[in-house]
Amino acid sequence: MTDFFAGLGLSEWLTPERFGSLVWAVVTFIVGILLARLAAAATARAIRNRVSTHEALLVRRLVFYVLVAIVIIATMQQMGFKPGVLLGTAGFLSIAIGFAAQTSVSNLISGLFLVAERPFSIGDQLEVDGRMMRVPNENMIKSTVLVRTRFPIRRVDLQIGVAYKEDTVRVREILFEVADRNPLCLDEPAPLFIYMGYGDSALEIQFSVWAARENFLPVRTSMYEEIKAAFDQNDIEIPFPHRTLYTGSVTEPFPVEAVERT
């Protein structure tokens, strides 16, 4: 082993004392990282019943990174490096990196604002202007963000069209009956029946019901299915687009002749 280090020119530098320090530094680093992970996980478990999932994750990461920094400093000390020199070098490098990566610094600062304001949390469904798969923190601060799952209940808006000949009072009754039979629809807040306007081929209606946040998609699907079945059972027409042809300035019908091809 001595001949091997001598061939590499390390025999003078790698003395038995330094080799022992290097071994202890490696052991310190490995054990320290494992303990940091365990401590961070234990801290998150201890506070998860008192804070949100988002806050528990942030605390876990903060504890882990602080402990990792301490482990790295301790490891470097065992290898013979002085903490003062390391801190001075780290400060100089931080300033240099900050000037070279202003966008990253801006995103970091924006991330701190997002953490402080807590506009959304882990598990929320978000809609961001621009619809990007990976959105920088700076854009999240500047953009309009719609948090769909902020509250425990959500409103399900159902767009429905019925023929002009239908009795709208009866249509309203059928829709409320369907909502009343659906076990996933909430009784409070009550459903809403809203006229949206006169469409080209139908009376346009919005029927809105409320559901628990986790039942949004099941309610949306089941309500459309049940409304279609109820309309069929009660002979309520859901019209397809109609087009009327006029000839000249009058609205009288014009003759149409069907010719059989031979």
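Just above sits the structure.
S.K.: Give a detailed account of the overall build of the protein chain, specifying residues and quantitative values.
M.R.: Within the protein chain, the secondary structure is distributed over eight helices and five strands. Starting at the N terminus, the α and β elements of the protein chain follow one another as α-α-α-α-α-β-α-β-β-α-β-β-α. Residues counted as buried form 24% of the 262 residues belonging to the protein chain. When the accessible area of the protein chain is evaluated, it comes to approximately 19200 Å², of which 61% is carbon and sulfur surface.

S.K.: Hey, could you go over the environment of V31 for me, with residue numbers and the actual values?
M.R.: Among the structural elements, V31 can be located in helix 2 (residues 16-47). C-alpha separation for the pair V31 and V71, spaced 40 residues apart in sequence, amounts to 9.0 Å.

S.K.: How would you sum up the sheet that holds strand 5 (residues 203-212)? Please name residues and give values.
M.R.: Spatial ordering of the open sheet is given by 3-5-4, a layout of three strands whose pairing is antiparallel. Since the sheet does not close on itself, it has two edges, and those belong to strand 3 (153-162) and strand 4 (192-198), each with one partner. Each adjacent strand pair in this sheet contributes to an overall mean axis angle of 25°, direction not counted. When strand 3 meets strand 5, the two strands line up antiparallel, connected through 10 bridges. Its bridge partner being in strand 5, R155 is matched across the sheet by W210. Packing of helix 8 (residues 216-233) onto the sheet brings it into contact with strand 3 and strand 5, and relative to strand 3 it is tilted by some 25°.

S.K.: Lay out the environment of S222 in plain terms, naming residues and giving numbers.
M.R.: Along the chain, S222 falls in helix 8. Taking the relative accessible area as the measure of exposure, S222 reaches 15% and is therefore buried. Residues S222 and N182, spaced 40 residues apart in sequence, show a C-alpha to C-alpha distance of 8.1 Å.

S.K.: Which residues make up helix 8, and what values go with them?
M.R.: In a regular helix each residue adds 1.5 Å, so 18 residues correspond to 26 Å; helix 8 covers 26 Å between its end C-alpha atoms and thus fits that length. Buried within helix 8 are the following residues: F216, V219, S222, M223, I227, A230 and F231. For helix 8, the angular spread of buried residues about the axis comes to 160°, placing them on one side. Across from the buried face of helix 8, at angles greater than 90 degrees, the exposed residues are L217 and E225. For helix 8, the elements touching its buried residues are strand 3, helix 7 (168-181) and strand 5. One or two residues past the end of helix 8 sits D235, with phi positive at roughly 55°.

S.K.: Outline the packing of helix 7 against helix 8, listing residues and values.
M.R.: Relative orientation of the contacting elements helix 7 and helix 8 amounts to 135°, with a least axis distance of 10 Å. Here helix 7 lies oblique to helix 8, going by the angle between them. The hand of the helix 7/helix 8 crossing is right-handed. Listed contacts from helix 8 to V171, I174, L175, V178, A179 and R181 of helix 7 are M223, E226, I227, A230 and F231.

S.K.: Hey, could you go over unusual backbone geometry for me, with residue numbers and the actual values?
M.R.: The residue after E188, namely P189, is reached through a cis peptide bond having omega 0°. Within the secondary structure, P189 is located in the loop between helix 7 and strand 4. Located in the positive-phi region is D235, a residue other than glycine, with phi close to 55°. Assignment of secondary structure puts D235 in the segment after helix 8. Since its relative accessible area comes to 63%, D235 is described here as exposed.

Here is what the cut-offs are and how they apply
- Residues numbered from 1 in each chain as written.
- Predicted model: local features only at pLDDT ≥ 70, side-chain atom pairs only at ≥ 80, totals over all residues.
- Heavy atoms only, no water.
- Helix = DSSP H or I, 4+ residues; strand = E, 2+ residues; numbered from the N terminus.
- Buried < 20%, exposed > 50% of the residue type's maximum accessible area, 1.4 Å probe, protein only.
- Areas by Shrake-Rupley, 256 points an atom, 1.4 Å probe, with all protein chains shown as cover.
- Pairing = 2+ DSSP bridges.
- Axes fitted to C-alpha atoms, helices over the stretch in contact; angles between N-to-C directions.
- Contact = heavy atoms within 4.5 Å.
- Expected span 1.5 Å × (residues − 1).
- Arc of directions from axis to C-beta.
- Parallel < 35°, antiparallel > 145°, perpendicular 65-115°, else oblique.
- Left-handed = near helix turned anticlockwise from the far one by under 90°.

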